[in-house]
Amino acid sequence: MSISTADFKNGLTIEVDHAIWRIVEFQHVKPGKGGAFVRSKLKNLRTGAVQEKTFRAGAKMELAEISQATMQYLYNDGSNYVFMNTETYDQVSIPNEQMKNAAKYLLENMEVSVTSFGNEILGVEVPNTVTLTVKETEPGIRGDTATGGSKPATMETGLVVQVPFFVNADDKLIINTQDGSYVSRA
């Protein structure tokens, strides 16, 4: 389906130069001299790179049909992460290199959102917060909470998070997946 720059919305996915882009932001510009144009900031869904592009007002481009499916993480076989579609029970393998940040938050049987374009998988989105167990951390020293400092803790997935001194090994913590920070105890 073809759309024009007048149909731009934040979050819309378009196909330009054989790449799939999500519109991060856009602005219609009408200079005093010359024709109007649209200045846009686009995120490449294959590489994650953000790029600024300028289009003539009324320029046509293809709308990219992106689908989102809820899938359950099953296991990692060493080179691929294996997911199962919760509706059709089809299994999908995603290479380790394509997982980027999401791999640090995945636990077996966790439900995630998988974004795809046709048969090509573009990425995996984990929930905004996940509950992980502390695998190892330095023991807290009694009376050391007044300073409000933090110490590193290694989670069960291998993720290292800065946590308050009162957190001990085997505690369950809520972690923000956007920036990898400690939120609270679970």
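Here the residue numbers are simple positions, counted from 1 along each chain's written sequence. In keeping with the predicted nature of the model, local features appear solely for residues at pLDDT of at least 70, side-chain atom pairs appear and are counted solely at 80 or more, and the whole-chain, interface and lining totals rest on all residues. The side-chain figures draw on all heavy atoms in the structure; neither hydrogens nor water molecules are used.

The protein chain goes by Elongation factor P in an unreviewed UniProt entry, where it is assigned to Furfurilactobacillus milii. UniProt positions are given in the numbering used here, feature names are shortened, and annotations may be inferred rather than shown by experiment. Under the UniProt heading Pathway (unreviewed entry), the entry covering the protein chain gives this text: "Protein biosynthesis; polypeptide chain elongation." Under the UniProt heading Sequence similarities (unreviewed entry), the entry covering the protein chain gives this text: "Belongs to the elongation factor P family."

(A) Expanded view of the overall build of the protein chain. Check the secondary structure of the protein chain and you find one helix and 16 strands. C-alpha extents for the protein chain along the principal axes are approximately 70 × 45 × 25 Å. Only protein chains enter the area calculation, which uses a 1.4 Å probe; residues under 20% of their type maximum are buried, those over 50% are exposed, and those in between are partly exposed. Taking all 186 residues of the protein chain together, the buried fraction comes to 38%. Contacts between residues were defined by any pair of non-hydrogen atoms, one from each residue, lying within 4.5 Å. Summarising the internal contacts of the protein chain: among those between residues at least 6 apart in sequence, 42% fall at separations of at least 24. The secondary structure listing takes helices from DSSP runs of H or I that are at least 4 residues long and strands from runs of E that are at least 2 residues long, numbered from the N terminus.

(B) Up close: the UniProt feature "domain: Translation elongation factor P/YeiP central" (unreviewed entry) in the protein chain. Per the UniProt record, the feature "domain: Translation elongation factor P/YeiP central" (unreviewed entry) sits at residues 68–122. In residues 68–122, the share of helix is 7% and the share of strand is 55%. The end C-alpha atoms are 10 Å apart.

(C) Summary view of the nonpolar core. Within this scheme, the nonpolar core is defined by two criteria: the residues are buried Ala, Val, Leu, Ile, Met, Phe, Trp, Tyr or Cys, and they are joined through side-chain atoms within 4.5 Å. In terms of nonpolar packing, the biggest core is built from 28 residues, with F83, M99, L106 and I175 touching the most fellow members. Each domain's limits were defined by an automated method or a database of domain assignments. In this structure, this core is formed jointly by two domains, domain 2 (66–125) and domain 3 (129–185), each of which donates at least three residues. Not counting chain neighbours up to four residues away, the residues in contact with F83 comprise M71, Q72, Y73, L74, D90, Q91, V92, I94, M99, L106, V112 and V124. Formed by 13 residues, the second largest nonpolar core is a distinct cluster that contains I3, F8, V16 and I23.

(D) Structural detail: the sheet that holds strand β14 (residues 160–164). With antiparallel pairing, the five strands of this open sheet are ordered in space as β14-β13-β12-β15-β16. Both outer strands of the open sheet, β14 and β16 (181–185), are each paired with one neighbouring strand and no more. When the angles between neighbouring strand axes are averaged without regard to direction, this sheet yields 55°. A pair of strands counts as paired when DSSP detects no fewer than two bridges linking them. A fitted line through C-alpha atoms serves as each axis, taken over the contacting stretch for helices, and the angle formed by two N-to-C directions is quoted from 0 to 180°.

(E) Focus on the packing of aromatic side chains. Between 30 and 60 degrees the pair is tilted, below 30 it is stacked and above 60 it is edge-to-face, where a pair is any two Phe, Tyr or Trp rings, Trp via its six-membered ring, whose centres lie within 6.5 Å. A full pass over the atoms with the stated rule returns four aromatic pairs. Relative to F26, the ring of F8 has its centre 6.0 Å away and its plane inclined at 85°; by these criteria the two rings are edge-to-face. Here F8, found in the loop between β1 (2–4) and β2 (13–16), pairs with F26, found in strand β3 (residues 19–29); they are 18 residues apart in sequence, far enough to count as distant. Ring geometry for Y73 versus F83: centroids 5.5 Å apart, planes at 50°, classification tilted. One end of the pair, Y73, is in strand β7 (residues 66–76); the other, F83, is in strand β8 (residues 80–85), and 10 residues separate them in sequence. Residue class for Y73 comes out buried when judged on its relative accessible area of 7%.

(F) How the structure looks around the pattern of salt bridges. In the sections that follow, a salt bridge refers to a side-chain nitrogen of Lys or Arg positioned within 4 Å of a carboxyl oxygen of Asp or Glu. This model, assessed by the stated rule, comprises three salt bridges. Salt-bridge contacts for K53 lead to D17; the nearest nitrogen and oxygen are separated by 3.2 Å. Of this pair, K53 sits in strand β5 (residues 50–56) while D17 sits in the loop between β2 and β3, placing them 36 residues apart in sequence. The class of K53 is buried, set by a relative accessible area of 15%. Across the pair D171 and R185 runs a salt bridge, and its minimum N-O distance is 3.6 Å. Pair noted here: D171 is in the loop between β14 and β15 (172–176) and R185 is in strand β16, with a separation of 14 residues, a long-range link.

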